[in-house]
Amino acid sequence: MTRIAINACTGRMGQQLMYAVDRDSHCELAAPLLRKGHNWTGDPVSQQFPDIKTNIALVDDLSKASESADVLIDFSLPEHSVETAKLCANLGLPVVIGTTGFSYQQKQAIETLTDKIPVLMAPNMSIGVNVMLSLLEGVARTLGDDADIEIIESHHRYKKDAPSGTALRMGESVAKGLGKVFSEIAAFDRCGKDAVREKGSVGFSAIRAGNIIGEHTALFALAGEEIEITHKARDRQTFAQGAVRAARWLVDQPPGSYDMMDVLGLKQ
Ligand SMILES: NC(=O)C1=CN([C@@H]2O[C@H](COP(=O)(O)OP(=O)(O)OC[C@H]3O[C@@H](n4cnc5c(N)ncnc54)[C@H](OP(=O)(O)O)[C@@H]3O)[C@@H](O)[C@H]2O)C=CC1
Ligand SMILES: O=C(O)C1=N[C@H](C(=O)O)C[C@H](O)C1
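Residues numbered from 1 in each chain as written. Chains lettered and ligands numbered in written order. Predicted model: local features only at pLDDT ≥ 70, side-chain atom pairs only at ≥ 80, totals over all residues. Heavy atoms only, no water.

Student: Hey, could you run me through empty space enclosed by the protein in this one?
Tutor: Gaps between atoms show up when a probe of the same size as a water molecule is rolled over them. In this structure the tally under the stated criterion is 1 cavity of 30 Å³ or more. Empty space within the largest cavity amounts to approximately 40 Å³. Considering the residues around the largest cavity, the lining is formed by A122, P123, N124, V129, N130, L133, R169, D259 and M260. Of the residues that constitute the lining of the largest cavity, the class distribution is 5 nonpolar, 2 polar and 2 charged. (1 Å grid on protein atoms, 1.4 Å probe; cavity = no way out; pocket = protein on both sides within 12 Å on 5 of 7 lines; lining within 4 Å. Points joined across faces, edges and corners; volume = space filled by probe spheres on them. Nonpolar A, V, L, I, M, F, W, Y, C, P; charged D, E, K, R; others polar.)

This is how it looks when you write it as structure tokens:
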């Protein structure tokens, strides 16, 4: 039985994660964590979240909560995830991070903790996206500079970061396949009167509308024909169940840096 603490349990993903753990017979909801000082602290979880059946109180102190947990799952905001990961490292608690929108420095700050605890970070915990990521590298390698490559993503109106973490990871897979440096070929800001496509660039487009859960397309355009590879998430449970699978896997790993490809055995 893996005892799982859920950080930021009020969030869209936090609630889905509590539900996924609550329904999984191999896991126990060890600690649903609120923002420090939240006025729901101490309430039975089912009082605020009637779908959760585990009889446990909402808490706001990770140090105390860690005593009853084997692993923590965090989907929140970059700054808070970095702080949470540092605390986990001090507590010796493995952490699964699904948050996106990190700066390079924030990613580095988390990376330095991986000699103390196992840390799994993935911008998308779904099986489908991770399979797509492994396909993209091969397609880019095969088509090379003959293709104009564009990455298009759509999300709900509340999403803070753009392009999505998944879109950026798709770009990295494409760059790897092309044998290029991602930051040198990424085109994020095509706009204005002199915005002709630069040969060899990978363009990004982000749509924000309504309640779209998450859609990602890689377009490979050749002269006279196009390939599109698309993933559509229909339910946030797909991300939550992936993160729970990752947490169960992570508790058996030594300190280090991992991603969802490791869990799914997709690393080449
Ligand atoms: N890897 C994946 O598969 C997926 C990743 N994501 C990513 O997960 C992240 C969260 O998304 P989503 O759930 O939609 O976002 P929400 O805005 O719904 O939730 C954010 C959560 O973070 C909490 N939070 C933010 N700042 C703090 C802080 N300083 N201290 C404590 N708690 C804090 C909020 O608490 P409060 O309610 O108190 O404000 C809230 O619970 C995003 O980065 C998103 O891109 C999303 C889906 C899938
Ligand atoms: O914010 C979201 O909702 C999502 N974010 C992730 C990302 O940025 O890639 C994954 C998923 O598409 C949903």
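Continuing now.
Student: Is there a simple way to think about the layout of surface pockets in this case?
Tutor: If you add up the space inside the largest pocket, you get close to 1,300 Å³. In this structure, the largest pocket is lined by 49 residues; those nearest its centre are A8, F75, S76, L77 and T99. Element by element, the count of residues in the lining of the largest pocket is highest for helix 4 (residues 78–91), at 5 residues. Counted by class, the lining of the largest pocket contains 17 nonpolar, 22 polar and 10 charged residues. The residue makeup of the lining of the largest pocket includes at least three contributed by each of domain 1 (2–121 + 236–264) and domain 2 (127–233). What the second largest pocket holds in volume is close to 980 Å³. If you go around the second largest pocket, you meet 37 residues; those closest to its centre are K107, P123, R169, E172 and D259. Within the residue set of the lining of the second largest pocket, elements represented by two or more residues are helix 5 (104–111), strand 5 (118–121), helix 6 (127–143), helix 7 (165–178), strand 11 (256–258) and helix 10 (260–264). (Helix = DSSP H or I, 4+ residues; strand = E, 2+ residues; numbered from the N terminus. Domains from an automatic or database assignment.)

Student: I would appreciate a short explanation of the packing of helix 4 against helix 5 in the present structure.
Tutor: The relative placement of two packed helices is expressed as an angle between their axes plus a distance between the axes. Contact geometry of helix 4 with helix 5 gives a least axis separation of 9 Å together with a crossing angle of 15 degrees. Judged by the inter-axis angle, helix 4 sits roughly parallel to helix 5. Judged by the sense of rotation from one axis to the other, the crossing of helix 4 with helix 5 is left-handed. Of the residues in helix 5, those touching helix 4 at P78, E79, V82 and A85 are Q106, A109 and I110. Taken together, the residues of the contact of helix 4 with helix 5 break down into 5 nonpolar, 1 polar and 1 charged. (Axes fitted to C-alpha atoms, helices over the stretch in contact; angles between N-to-C directions. Parallel < 35°, antiparallel > 145°, perpendicular 65-115°, else oblique. Left-handed = near helix turned anticlockwise from the far one by under 90°. Contact = heavy atoms within 4.5 Å.)

Student: Which parts of the structure should I look at to understand the packing of aromatic side chains?
Tutor: Going through the model one piece at a time under the given rule, you end up with 5 aromatic pairs. Ring centres of F182 and F188 lie 6.4 Å apart, and the angle between their planes is 75 degrees; on these two criteria the pair is classed as edge-to-face. With relative accessibility at 17%, the residue F182 sits in the buried group. The interplanar angle of 85 degrees and the centroid separation of 5.3 Å between the aromatic rings of W249 and Y258 together place this pair among those described as edge-to-face. (Phe/Tyr/Trp six-rings, centres within 6.5 Å; stacked < 30°, edge-to-face > 60°. Buried < 20%, exposed > 50% of the residue type's maximum accessible area, 1.4 Å probe, protein only.)

Student: So what exactly am I meant to see when it comes to the UniProt feature "binding site: NADP(+)" (unreviewed entry) in the protein here?
Tutor: Mapped onto the present numbering, the UniProt feature "binding site: NADP(+)" (unreviewed entry) falls at K36. For K36, the position within the fold is in the loop between strand 2 (27–32) and helix 2 (45–48). Once residues within four sequence positions are removed from consideration, K36 is found in contact with D60 and D61. (UniProt positions renumbered as here; feature names shortened; annotations may be inferred.)

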